[in-house]
Amino acid sequence: MDTVPGILKVLQAVAGEPITPEPDESLFSSGMLDSFALPDFVSGLEEEFHVKIPDSDLSARKFDTLDKVQAYLADKGVE
Amino acid sequence: MADPALPSVSTRTYLRGFGGYVPERVVANAEVAALVGEEADWILKVSGIRQRRYAADSQTVADLAVLAAEDCLTRCGVGAAELGMIVVASGSAERFCPGPAATVASRLGFAGTFALDVPVASAGSLIALNLAMRFAPSVGKVLVIGAEIMSRRVRLTPEGRDTAILFGDGAGACLVDAGLANLEQGALELVDAALYTDGNAAEILRMEEGLLHMEGGSVILQAARKVPAAIRTLLERNGVLIEQVGTLLMHQANRNLIAKVASTLKLAPERAFLNIERFGNTSSASLLLAAAEWHAATPAPAAPVVFAAFGTGLNWGAILGLPVAQPVTEWSA
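Throughout this document, residue positions are counted from 1 along each chain, in the order its sequence is written. Chain A is the first chain written and ligand 1 is the first ligand written, with later ones labelled in order. A pLDDT threshold of at least 70 governs which residues receive local features in this predicted model, and a stricter bar of 80 or more applies before side-chain atom pairs are shown or counted, although totals over entire chains, interfaces and linings include all residues. No hydrogens and no water enter the side-chain calculation; it runs on all heavy atoms of the structure.

### Observations concerning the overall build of chain B
Note the cut-off: Secondary structure follows DSSP: runs of H or I at least 4 residues long count as helices, runs of E at least 2 residues long count as strands, and numbering of each begins at the N terminus. Within these notes, the globule rule equals 2.2 Å times the number of residues to the 0.38 power, and the radius of gyration is based on C-alpha atoms. Here's how the labels work: a residue is buried when its accessible area is under 20% of the maximum for its type, exposed when over 50%, partly exposed in between, all with a 1.4 Å probe on protein chains only. By the convention used here, residues are in contact when the closest approach between their heavy atoms is within 4.5 Å. Note on areas: Shrake-Rupley with a 1.4 Å probe; residue coverage comes only from the protein chains shown.
For chain B, the count of helices and strands is 10 helices and 13 strands. For chain B, the C-alpha radius of gyration of 19 Å lies close to 20 Å, the compact-globule estimate for 333 residues. Projected onto its principal axes, the C-alpha positions of chain B cover 55 × 45 × 35 Å. The buried share among the 333 residues of chain B stands at 58%. In chain B, the share of contacts with a sequence separation of at least 24, taken over all contacts with a separation of at least 6, comes to 80%. Here chain B displays about 12900 Å² of accessible surface, and carbon together with sulfur accounts for 52% of that area.

Written out as structure tokens, the structure is:
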């Protein structure tokens, strides 16, 4: 399963606009998302992919780029 | 519940009043912005802060703590000699051991009263308040103080931007007592506390080599989940509905974080008390500084109050205060 469309769907819902970052582009340094949108982004990923993201994984670095989010989800068995 | 190993005065504990002190020097966003290479309006947007106070070079954490303590005791009409214990929370004290508690006790005129340090930034005063709840039934009146000089724990440079824009200096205090005798109108009964520690994420927010280090995004992620969960747990086990909560008194870390917590809980935003705009994030002082201002404006609270904080450790949690002699059917915000 290609998770990118689902990640983009969540990202765009949280950002409130149709953003399409490069796979390795920082969502936060680029200004596409601010830090206070991050909790909504993470909870949106949980809903979209039916996964539980534990507190031990709540690090901004894991969700900073599309590539990292994709790799994280793959690690959780979502591919 | 009182420790069964200690003689009990009363197992019920009450918050009798608050006090606070902030240094004279006002530091507006424009001053900080110029040093960290940002715009003043950007600081306001990302934090809700317009200005903060900085201590004078000659002031110590204990100096601020004593002034807040004296303000609290004056407001409560209680003499220092009546205190059974002092707890001082600070993550920014000049000396680790002994910390400021012993100095504060000495400055208040004590030479034997138990004085305890809680060296935890941000959540320190919540922890100290919980300790006071536990000790008050055996020792009587407990003075809780949160005092910080955070301006010396940040770098006012572009590299230190993320912490420099947030922090300020100040001190807050409150008086916890056991038993109903001589309670002033407006006292809150402290009925329960839900406190937690998770050392797995300690690295994202830590005081090291004299400076505060913070991974802002990760701190927000952790706090935005942990704080609402703690408040929900506390309310559920005490049968209080979120819509019955009159005031959320939260560590003034960031206006956007407080709004996020309120939103997650579906708490009306105006019930989350804010004074971060004028004082910035004063770490463990902020909860009690906010409480002191709130109580001055709301001397007779008529609905449940939730105290909440999140900070280094990670330590976080919430404490529930109920208006004294106010039947549940009459709770109103």
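### Here we look at the sheet that holds strand 5 (residues 114-118) of chain B
Residue and element names in this part refer to chain B. Filter applied, for reference: A pair of strands is labelled paired if DSSP reports no fewer than 2 bridges between them. Every axis in this analysis is a line fitted to C-alpha atoms, fitted for helices over the stretch in contact. Angles between the N-to-C directions lie between 0 and 180 degrees.
A sheet is described by the order of its strands in space; here 9 strands give the open sequence 5-4-6-7-1-8-13-12-11, paired in mixed fashion. Of all strands in the sheet, those bounded by a partner on one side alone are strand 5 and strand 11 (247-250). Averaged over neighbouring strand pairs, the angle between their axes works out to 25 degrees when direction is ignored. As judged from the 8 bridges shared by strand 1 (residues 13-21) and strand 7 (residues 169-178), these two strands associate in the antiparallel manner. Residue pairing in the sheet places Gly17 in a bridge with Leu175 of strand 7. Of the strands in this sheet, strand 1, strand 4 (85-89), strand 5, strand 6 (142-149), strand 7, strand 8 (188-197), strand 12 (305-311) and strand 13 (315-323) touch helix 5 (residues 124-139), which is tilted by about 125 degrees from strand 8.

### Thoughts on the interface of chain A and chain B
One frequently used descriptor of interface size is the decrease in accessible area upon assembly of the parts. Applied cut-off: Accessible surface is computed with a 1.4 Å probe, and the buried area is the amount of it that two parts give up when combined, taken over both parts together. Any carboxyl oxygen of Asp or Glu that lies within 4 Å of a side-chain nitrogen of Lys or Arg is treated as forming a salt bridge with it. Nitrogen and oxygen atoms within 3.5 Å of one another constitute a polar contact, given that in protein one can donate a hydrogen and the other can accept it, and given that sequence-neighbouring residues count only through two side-chain atoms. Residue polarity follows a fixed list, in which Ala, Val, Leu, Ile, Met, Phe, Trp, Tyr, Cys and Pro are nonpolar, Asp, Glu, Lys and Arg are charged, and the others, Gly among them, are polar.
Counting residues at the interface gives 16 residues for chain A, matched by 14 residues for chain B. Taken together, both faces of the contact between chain A and chain B bury some 1300 Å²; the carbon and sulfur share is 58%. Per-residue buried area on chain A facing chain B is highest for Phe36, Asp55 and Leu58 of chain A; these three make up 51% of the total on that side. Remark: the boundary between chain A and chain B carries 5 salt bridges. Of the charged contacts, one joins Asp40 of chain A and Lys260 of chain B as a salt bridge, the two residues approaching to 2.6 Å between their closest N and O atoms. Counting every contact that joins chain A to chain B gives 9 residue pairs in polar contact (both at pLDDT 80 or more). Here the residues of the side of chain A that touches chain B sort into 9 nonpolar, 2 polar and 5 charged.

### Notes on the confidence of the model for chain A
The line we're drawing: By definition, pLDDT measures how confident the predictor is in each residue, and it falls between 0 and 100.
Averaged over chain A, the pLDDT score is 91; the fraction of residues at 70 or greater is 99%. No element of chain A has a lower mean pLDDT than helix 1 (residues 4-15) of chain A, at 93, and none a higher one than helix 2 (residues 38-49) of chain A, at 95.

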